[in-house]
Amino acid sequence: MEMETVKLSAIVMRWYPDMMPFLKQNELNSVIVLRDGLSILEPADAMDIIHYSICEHQNSAYLQ
């Protein structure tokens, strides 16, 4: 398997579509690089990625 680049929205839609209304557009547009691709990503790993992305966007809000 090779690396795959996806938007966070693709991860959210696949495992946690009920979270879509709670995420900002800039969070959903975040580009995520998956080492082994989207097809083998586990739900727990998806949640970790979503959590990390939200935290990253909150951190950048304080830096502006």
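Colleague: Whenever I open this one, the side chain of S53 confuses me. Can you help?
Modeller: The residue S53 is located in helix 3 (residues 43-63) in this model. For S53, a relative accessible area of 6% puts it in the buried group. Not counting residues up to four positions away in its chain, the partners in contact with S53 are L8, E27 and S30.

Colleague: Would you explain the environment of L8 in this entry?
Modeller: The residue L8 is located in helix 1 (residues 8-15) in this model. The exposure class assigned to L8 is buried, which follows from its relative accessible area of 0%. Sequence-wise, L8 and V31 are 23 residues apart; in three dimensions their C-alpha atoms are separated by 6.3 Å. Not counting the four nearest positions on each side in its chain, L8 is found in contact with E27, L28, S30, I32, I49, I50 and S53.

Colleague: I keep staring at the environment of Q25 and nothing clicks. Help me out?
Modeller: Topologically, Q25 is positioned in helix 2 (residues 25-28). Placed 16 residues apart in sequence, Q25 and S9 show a C-alpha to C-alpha distance of 8.9 Å.

Colleague: Mind showing me how you'd approach the pattern of salt bridges here?
Modeller: Side chains carrying opposite charge are able to pair once their charged atoms draw close together. Going through the model one piece at a time under the given rule, you end up with one salt bridge. Between R35 and D36 there is a salt bridge, with the nearest N and O atoms lying 3.4 Å from each other. Judged by relative accessible area, R35 falls into the exposed class, the value being 64%. For D36, a relative accessible area of 28% corresponds to the partly exposed category.

Colleague: Teacher, can you tell me more about helix 1 here?
Modeller: An α-helix turns once per 3.6 residues; consequently, residues spaced three or four apart project the same way. Among all positions in helix 1, only L8, I11, V12 and W15 are buried. Across the axial projection of helix 1, the buried residues extend over an arc of 95°, all falling on one side.

Thresholds, definitions, all that
- Residues numbered from 1 in each chain as written.
- Predicted model: local features only at pLDDT ≥ 70, side-chain atom pairs only at ≥ 80, totals over all residues.
- Heavy atoms only, no water.
- Helix = DSSP H or I, 4+ residues; strand = E, 2+ residues; numbered from the N terminus.
- Buried < 20%, exposed > 50% of the residue type's maximum accessible area, 1.4 Å probe, protein only.
- Contact = heavy atoms within 4.5 Å.
- Salt bridge = Lys/Arg side-chain N within 4 Å of Asp/Glu carboxyl O.
- Arc of directions from axis to C-beta.

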